[in-house]
Amino acid sequence: MDTDGNRPLRVLTFSTLFPNAAQPVNGVFVENRLSHLVQSGEITARVVAPVPWVPQPLVRPGRWDRIAAAPDHEERHGLGVWHPRYPVIPKMGMSVAPLLMYLGVRNTVARLLAAADCDLIDAHYFYPDGVAAALLARQFKKPLVITARGTDLNLIPRFALPRAQIRWAARRADGLITVCHALKQPLISLGIPAESVTVLRNGVDLQAFRPRDRAAARQSLGVSGPVVVSVGLLIERKGHHLVIDAVARMPELTLLIAGDGPERSALTARAAAAGLDGRVRFLGEVAHRDLPDIYGAADALVLASSREGWANVLLESMACGTPVVATDVWGSGEAVTCPEAGLLMPQRSPDAIVAALSALLAAPPDRAATRRHAEQFSWDATTTGQLSLFRRIVAGHGHPQRTARMVAA
């Protein structure tokens, strides 16, 4: 493919992990990375963010209402975003999910490319998104980059058929990105050469996430004394239940939980059973723009996840001057690298949380030093790395050596 080196690259971003009007915090980290890339002025982008559709007889009342409310098309921060539907069979169909997604979106992609061509498909999350994107790239003869983000490589490849499809997509892709060094190893274990994988960690918006008026933030939330915050989807993997159990043993603490999800009722009951009604507050889903005030009001963020690729909440909290306590899993150890950042827990348990929080609160780092640590994680290096990779791939696409390698894969 020959392109004019003076014009911006035309990128088609593809992922289910992208916000929409009905789910404004879904995959906000993908939107943030793309927004900073577009701000460079060196690419233009359109987004295809498929939305699952469940056949009516299989729909549990209320379960899919919010997802179904996503618009077919919208503009977000100057980007055109399309939300084609693809069929999903709950609790079944995992092995055919990439094919169903591909079949559901290919007509939309064909119309977009007919209206304005693209130079490269930029896919996020390996399964099913990356596999479906590889099918699209093959059909439309476009170069492909896939970014791995966490569960897509640290959990899903345990299943034989998805693992085979992930391996195929990885070999078919022209470029592979992981958001931390820890996620590179699973690709190598699948037979992918190490030199084919580029590590480009997520960044943090240092203008949006910065220290605020701490007293005002605490007053607006109505909190006093030591405060910790746990942020994320209310699911078992995020470990909110473990933080609740730890706070039950630390009577001086107030816990703020920001997020919503299927475990909310169970977590609310757990806090009530422990007599924590006045000390555990569920804030519900919080808009990304409002998180800095919550981080700023807290003395520490606790992230008790069992798995993470690169947890953006760690950088966001630290950029606001708030140190963190996190399970030492996957990319977390690449973000929390010094005492100013906070502490890593070698175990995932209430005991470990109590020990780490007690140590951190007894000798808290200077909040300005915590902010300085976060400042090394701006989006600049990630944007530069993407531009370099994308331009190299587009420049080489269609060369005989590249074509031979694709056929062999």
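Residues numbered from 1 in each chain as written. Predicted model: local features only at pLDDT ≥ 70, side-chain atom pairs only at ≥ 80, totals over all residues. Heavy atoms only, no water.

## Observations regarding the overall build of the chain
- In terms of regular secondary structure, the chain is built from 17 helices and 16 strands.
- In terms of overall dimensions, the chain is globule-like: its C-alpha atoms have a radius of gyration of 22 Å, near the 22 Å expected for 409 residues.
- Principal-axis analysis of the C-alpha atoms gives the chain an extent of 65 × 50 × 40 Å.
- A buried classification covers 54% of the 409 residues belonging to the chain.
- A separation of at least 24 residues holds for 74% of the contacts in the chain among residues at least 6 apart in sequence.
- Summing over all exposed atoms, the chain offers an accessible surface of approximately 17,100 Å²; the carbon and sulfur share of this is 54%.
- The averaged location of the 36 negative side-chain charges in the chain is 6 Å from the averaged location of its 44 positive side-chain charges. (Helix = DSSP H or I, 4+ residues; strand = E, 2+ residues; numbered from the N terminus. Rg over C-alpha atoms; globule rule 2.2 N^0.38 Å. Buried < 20%, exposed > 50% of the residue type's maximum accessible area, 1.4 Å probe, protein only. Contact = heavy atoms within 4.5 Å. Areas by Shrake-Rupley, 256 points an atom, 1.4 Å probe, with all protein chains shown as cover. Lys, Arg positive; Asp, Glu negative; His and termini not counted. Charge placed at Lys NZ, Arg CZ, Asp CG, Glu CD.)

## As for the nonpolar core
- The biggest cluster of nonpolar side chains holds 97 residues, and the ones touching the most others in it are Phe 14, Phe 126, Leu 144, Leu 176, Leu 187, Tyr 295 and Leu 314.
- Among the elements that make up this core, the one with the highest residue count is helix 4 (residues 126-140) (ten residues).
- In contact with Tyr 295, other than residues within four places in its own chain, are Phe 209, Val 229, Val 231, Leu 301, Val 313, Glu 316, Ser 317, Cys 320, Thr 322 and Arg 367.
- Core analysis: the second largest hydrophobic core is formed by 27 residues, Leu 255, Ala 271, Ala 300 and Leu 360 among them. (Core = buried A, V, L, I, M, F, W, Y, C linked by side-chain atoms within 4.5 Å.)

## Examining the packing of helix 4 against helix 6 (residues 160-172)
- At a closest axis distance of 9 Å, the pairing of helix 4 and helix 6 adopts a crossing angle of 45°. When the axes of helix 4 and helix 6 are compared, the pair comes out oblique. For the element pair helix 4 and helix 6, the recorded crossing hand is left-handed. For the pair formed by helix 4 and helix 6, the contact residues are Phe 126, Tyr 127, Gly 130, Val 131, Ala 134, Leu 135, Ala 137 and Arg 138 on the first element and Pro 162, Gln 165, Ile 166, Trp 168, Ala 169, Ala 170 and Arg 172 on the second. (Axes fitted to C-alpha atoms, helices over the stretch in contact; angles between N-to-C directions. Parallel < 35°, antiparallel > 145°, perpendicular 65-115°, else oblique. Left-handed = near helix turned anticlockwise from the far one by under 90°.)

## Comments concerning the side chain of Lys 238
- Along the chain, the position of Lys 238 falls in the loop between strand 11 (227-231) and helix 9 (240-247).
- Once residues lying within four places of it in the same chain are set aside, the contact partners of Lys 238 are Leu 233, Ala 304, Ser 305, Glu 308 and Arg 348.

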